Amino acid sequence: MMLLLHMSQTLDAISLNELVEISAISNDAIAPKLSEMGLTKGQKIKAIFKAPFGDPIAYEINGNVISMRKEEGMQVEVQMA
Amino acid sequence: MKIALFGNPNTGKSSVFNMLTGLRQQVGNFPGVTVDKKQGSIKTPNEKHELIDFPGTYSFFARSLDEQVVKEVLNDSTHPDYPDAIIYVADAANLERNLLFFSQLYDLGFPIVLVLNMWDRAQQKGLQINLELLQQSFPDAQIVTTNARVSIGKTRILTALDALEKKERAPFLAFDRQQLQSDQEQTLNTNQRLEKIRALGLVQQRNTPAPNKSTRLDQILTHRIYGYLIFSLILLTIFQFIFSFASIPMDFIDGQFVRLSDWCSHVLPEGVLTRLIAQGLIPGIGGVLVFVPQIAILFFFIALLEESGYLSRVVFIMDRLMRPFGLNGKSVVPLLSSVACAIPGIMSARTITDWKERLITIFVAPFMSCSARIPVYTLLISVVIPKTYIGGILSLQGLVLFGLYLLGILFALGTALVLQFLVKNRTSGYHVMELPDYKNPRMSNVGYTVFEKVKVFVTDAGKIIVAISILLWALATYGPSSRTAALKDLHQTQAFKNANETQKQELDNSLLLSQSYIGHFGKWMEPAIAPLGYDWKIGVALLSSFAAREVFVGSLATIYAVGEDSDGQKRLVHKLKEEKNEYGKPTYSLATGASLLVFYVFAMQCMATLAVVKRETQTWKWPLIQLLFMGVVAYLSAFVVFQILV
């Protein structure tokens, strides 16, 4: 369990082209928006490129490219796929 | 029947709308909000229907202003736009997520046509969609496939509409909208829906897809050096077009209206009505149409950028830079366009979906120094700023001009910074945004956008502009009856008798303006503008230039009885330099000149901007606040500048 916790990261911190799986989305006001855009638990997601100041970041999920600010990515917990 | 067009953003929904309605479409607003409503008529084999295009949304649960409209209309069966049936446009290459909103609408019980658009792109991506299974999952929906970008599928949609029938149906997933109030419940329902849709297994990946070309392009277009470089080049091109090339058709329109006005004065019988038409109405309409080239050109480019998918990359690379000011990445285009003219700039703020960011952009845009300020700046600079060179190279006059532009930009950003704490947000600001694949822009969609924007400006803002310009014309042309006596006195003077015909006309015009209602008003308000270093003549020029800033130059030329031709400009500069106040000091001292320059940087001296802000915010509240705010800032800063320099 400790190991799992240790391995979990949030979406804003993953490195480019690393495929991860969404494990949880925090109960923030942004949560409904994220789910509408297809970000739900169990979905695979990958950061593909970043804006010039490292924020926002573009992710690929289900063949779509979605851009998110770091503060929004922080609401999404991921683990190694 | 009333038919609503729904769908996620970037699904080619507007292509479907344009394909179905052609030119039989008009733009309005949904009641009470600033969300565009496009409407058109369509004819199925059996019937004629009315089609309403709703803003692209991802879900029934509303967050942005656009989404609010969708929810409000769907929740109120007495709403004038409540649909009898729905056409839902889905991106076939992105089916599962697109089915979320569709399934919600399906469960609300509307007769519905599901249009799987961009069918070719789904094929290219190697996606195989099980249509039979899709039909089984939503048995009461009519399902068609289209390729609206190349106008394929129109008859299929129309035939499917005729086949719709209203009947009770079993929901795809229980959807009691009264119960789904909280964020958590909504998210839960959304997640269940998406899970159920994905579990259907509608889409199979046939072969490994080719590497995404868009992502490769994005490596360059969002690059920290090339990305900004390319964006700057694009902006520079747009700017070049609206700043320089637009002046060709603008001068033409201007010239034609002057000729039309002259022609009317000659042909129609002399009288009040003729003067109203020739000098009030025709120049007023000309004053509206003169903006058309800039609006058309700017929206041509914006539509091109939006259609191609590039505009969302602009937001992506500019977000971090604009965020501290409460502005959107998309604010860059409206703000920079405002350096040419705030009218198209403010109209282009429509591309910003967040209401607060859009409002702030609209509010600060007129602080950017537009091209109408240039004649005012150059006149005043050549009168009060000496033609010296700093260190032998840097022109002082040029430096002052640069400073004025900078002042406007800095103040616009500063105001935005403050406003983000003052403007209440109707919805929470977020930036979770789709970056659609790059596409070749569809030129007919670009054409529709240009046509629609020009039409909206001419019909909506045009009315206000014509009305105000006729009012200003009347105030400057008519005056109390004492004018006739003053004119007689003038004609008795030796100076008048010695003058030639042109000079006589100029002296007459000067007297008539100073004795007009505006002239009297200028004298009456002299005490109020004296602390800024202005006399009543400047007051008159300020008042009449509310029509448009460049009128300031023409008004001064009339007051000082010099012609308006290129030679007149030199004579005007000379005259202003010679002009003495009651103490025998120059009226146009450095202090007064600088005070006026600063005044023109800040003041909302443009009725057309006011009219456009009214149209874009759908209320008089914002243009009036803006007028007041800009006026107060202009007055106070002109006061400070004058008092320091005098």
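Each chain carries its own residue numbering, running from 1 in the direction its sequence is written. Lettering of chains starts at A and numbering of ligands starts at 1, both following the order in which they are written. Local features in this predicted model are restricted to residues whose pLDDT is 70 or higher, and side-chain atom pairs enter the listing and the counts only when it is 80 or higher, whereas totals over whole chains, interfaces and linings include all residues. Side-chain measures here rest on the full set of heavy atoms in the structure, leaving out hydrogens and waters.

Enquirer: How should the pairing of strand E5 (residues 64–68) of chain A be read in this particular structure?
Expert: In summary, the side chains of a regular strand alternate between the two faces of the sheet. Burial analysis of E5 of chain A places 5 of its 5 residues in the buried class, which makes it a mostly covered element. Burial along E5 of chain A is two-sided: Asn 64, Ile 66 and Met 68 of chain A and Val 65 and Ser 67 of chain A, pointing in opposite directions, are all buried. Note that strand E4 (residues 57–61) of chain A and E5 of chain A share 5 bridges and pair antiparallel. By the bridge assignment for E5 of chain A, Glu 60 of chain A is matched with Val 65 of chain A. Any two strands between which DSSP finds at least two bridges are classified as paired. For helices the rule is a DSSP run of H or I covering at least 4 residues; for strands it is a run of E covering at least 2, with both sets numbered from the N terminus onward. Where E4 of chain A folds back on E5 of chain A, the antiparallel hairpin that results is connected by 2 residues, among which Asn 62 of chain A adopts a positive phi of roughly 50°. In this sheet, strand E12 (residues 432–434) of chain B lies alongside E5 of chain A in antiparallel orientation, the contact comprising 3 bridges. Counterpart to Ile 66 of chain A in the pairing with E12 of chain B is Glu 434 of chain B. The rule is simple: take the accessible area with a 1.4 Å probe, protein chains only, and divide by the maximum for that residue type; under 20% is buried, over 50% is exposed, in between is partly exposed.

Enquirer: Even after reading the chapter, I still don't get the pattern of salt bridges, so can you show me in this structure?
Expert: Where charged atoms from two side chains of opposite charge come close, those side chains can pair. All names here are of chain B. Counted as salt bridges are all cases of a side-chain nitrogen of Lys or Arg within 4 Å of a carboxyl oxygen of Asp or Glu. In total, this model carries 25 salt bridges over all chains according to the counting rule given. A salt bridge links Asp 53 to Lys 13; the shortest N-O distance between them is 2.6 Å. Taken together, the residues Asp 53 in strand E4 (residues 48–53) and Lys 13 in helix H1 (residues 13–21) connect sequence positions 40 residues apart. When sorted by exposure, Asp 53 lands in the same class as Lys 13, which is buried. Salt bridges sharing common partners tie together Asp 36, Arg 350, Lys 453, Asp 460, Arg 615 and Glu 616.

Enquirer: Would you take a moment to explain the sheet that holds strand E6 (residues 76–80) of chain A for this structure?
Expert: The strands that make up a sheet are held in pairs by hydrogen bonds between backbone atoms, and each pair lies either parallel or antiparallel. Taken in spatial order, the 7 strands line up as E1(A)-E6(A)-E2(A)-E3(A)-E4(A)-E5(A)-E12(B) in an open sheet, and their pairing is antiparallel. Only two strands of the sheet have a single neighbouring strand rather than two, namely strand E1 (9–10) of chain A together with E12 of chain B. In this fold helix H13 (residues 310–322) of chain B packs onto strand E3 (44–50), E4 and E5 of chain A together with E12 of chain B, with an angle of close to 150° to the strand it touches most, E12 of chain B. A contact between two residues is defined here by any heavy atoms of the two lying within 4.5 Å. Axis angles are defined between N-to-C directions and span 0 to 180 degrees, where every axis is a line fitted to C-alpha atoms and, for a helix, only to the segment in contact.

Enquirer: How should I be thinking about the packing of aromatic side chains in this particular structure?
Expert: How two aromatic rings sit relative to each other is given by the distance of their centres and the angle of their planes. Residue and element names in this part refer to chain B. Here is the rule: rings of Phe, Tyr and Trp (six-membered ring for Trp) pair when centre to centre is within 6.5 Å. Planes less than 30 degrees apart are stacked, more than 60 are edge-to-face, and the remainder are tilted. Under the criterion given, the structure shown has 33 aromatic pairs over all chains. Measuring from ring centre to ring centre gives 5.9 Å for Phe 60 and Phe 61, while their planes differ by 70°; the resulting arrangement is edge-to-face. Both rings, one in Phe 291 and one in Phe 457, keep their centres 5.8 Å apart while their planes meet at 80°; by these two values the pair is edge-to-face. Here Phe 457 lies in helix H19 (residues 443–477) and Phe 291 lies in the loop between helix H11 (272–289) and helix H12 (292–308), a separation of 166 residues in the sequence. Summarising the burial analysis for this pair, Phe 291 and Phe 457 share the class buried. Here a set of aromatic residues connected by ring pairs shows up, and it is made of Phe 6, Phe 30, Phe 54, Tyr 88, Phe 101, Phe 102, Tyr 106, Phe 138 and Phe 172.

Enquirer: How should the sheet that holds strand E8 (residues 142–145) of chain B be read in this particular structure?
Expert: Residue and element names in this part refer to chain B. Pairing within the open sheet is mixed, and its 7 strands lie in the order E2-E3-E4-E1-E5-E6-E8. At either margin of the open sheet sits one strand with a lone partner, and together these are strand E2 (25–29) and E8. With strand direction ignored, the average angle separating the axes of adjacent strands in the sheet is 25°. Pairing of strand E1 (residues 2–7) with strand E5 (residues 85–91) involves 5 bridges; the strand directions are parallel. Looking at the pairing, Leu 5 lines up with Ile 87 of E5. Lying on the sheet, H1 is in contact with E1, E2, strand E3 (36–43), E4, E5 and strand E6 (112–117); it crosses E3 at an angle near 40°. Along the sheet, helix H6 (residues 154–162) makes contact with E1, E3, E4, E5, E6 and E8, crossing E8 at roughly 175°.

Enquirer: Honestly, helix H30 (residues 621–645) of chain B in this entry has me stumped. Any pointers?
Expert: Residues three or four positions apart in an α-helix share a direction because the helix packs 3.6 residues into each turn. Residue and element names in this part refer to chain B. By this rule the span expected of a helix is its residue count minus one, scaled by 1.5 Å. When the terminal C-alpha atoms of H30 are compared, their 36 Å separation across 25 residues agrees well with the 36 Å that a helix rising 1.5 Å per residue should span. Buried within H30 are the following residues: Trp 622, Pro 623, Gln 626, Met 630, Val 633, Ala 634, Ser 637, Ala 638, Val 641 and Phe 642. Looking at the buried residues of H30, the elements they touch are helix H16 (355–364), helix H18 (396–422), helix H28 (590–602) and helix H29 (607–617).

Enquirer: Which parts of the structure should I look at to understand the nonpolar core?
Expert: Grouped burial of nonpolar side chains is what soluble globular proteins tend to show. All names here are of chain B. If you look at the biggest cluster of nonpolar residues, it comprises 170 residues, and the most contacted ones within it are Phe 6, Tyr 88, Phe 457 and Phe 552. Residue contributions to this core peak at 9 residues, all from H19. With sequence-adjacent residues up to four places away left out, Phe 552 is seen in contact with Val 376, Leu 379, Leu 380, Ile 538, Ala 541, Leu 542, Ser 545, Leu 596 and Tyr 600. Buried residues of nine kinds, namely Ala, Val, Leu, Ile, Met, Phe, Trp, Tyr and Cys, make up a nonpolar core once their side-chain atoms join them within 4.5 Å. Counting residues in hydrophobic clusters, the runner-up holds 20 residues, among them Val 16, Ile 87, Ile 157 and Leu 158.

Enquirer: How should the interface of chain B and chain A be read in this particular structure?
Expert: The interface of chain B with chain A comprises 36 residues on the first partner and 33 residues on the second. Throughout, the accessible surface (probe 1.4 Å) given up by two parts as they are put together, summed over both, is called the buried area. At the boundary of chain B with chain A, total buried surface from both sides reaches about 3100 Å², with 55% on carbon and sulfur atoms. Three residues stand out in chain B for area buried against chain A, namely Arg 198, Phe 316 and Val 432 of chain B, and they jointly supply 20% of the buried area on that side. Scanning the region where chain B abuts chain A turns up 4 salt bridges. In this structure, the salt-bridge partner of Lys 33 of chain A is Glu 67 of chain B, at a minimum N-O distance of 3.9 Å. Counting only elements with at least two residues in the side of chain B that touches chain A, the list comes to helix H3 (95–107), helix H7 (183–200), helix H8 (213–221), H13 and E12 of chain B. The leading source of residues in the side of chain B that touches chain A is H7 of chain B, at 7 residues.

Such coordinate-based values are descriptive only and should not be taken to indicate function.
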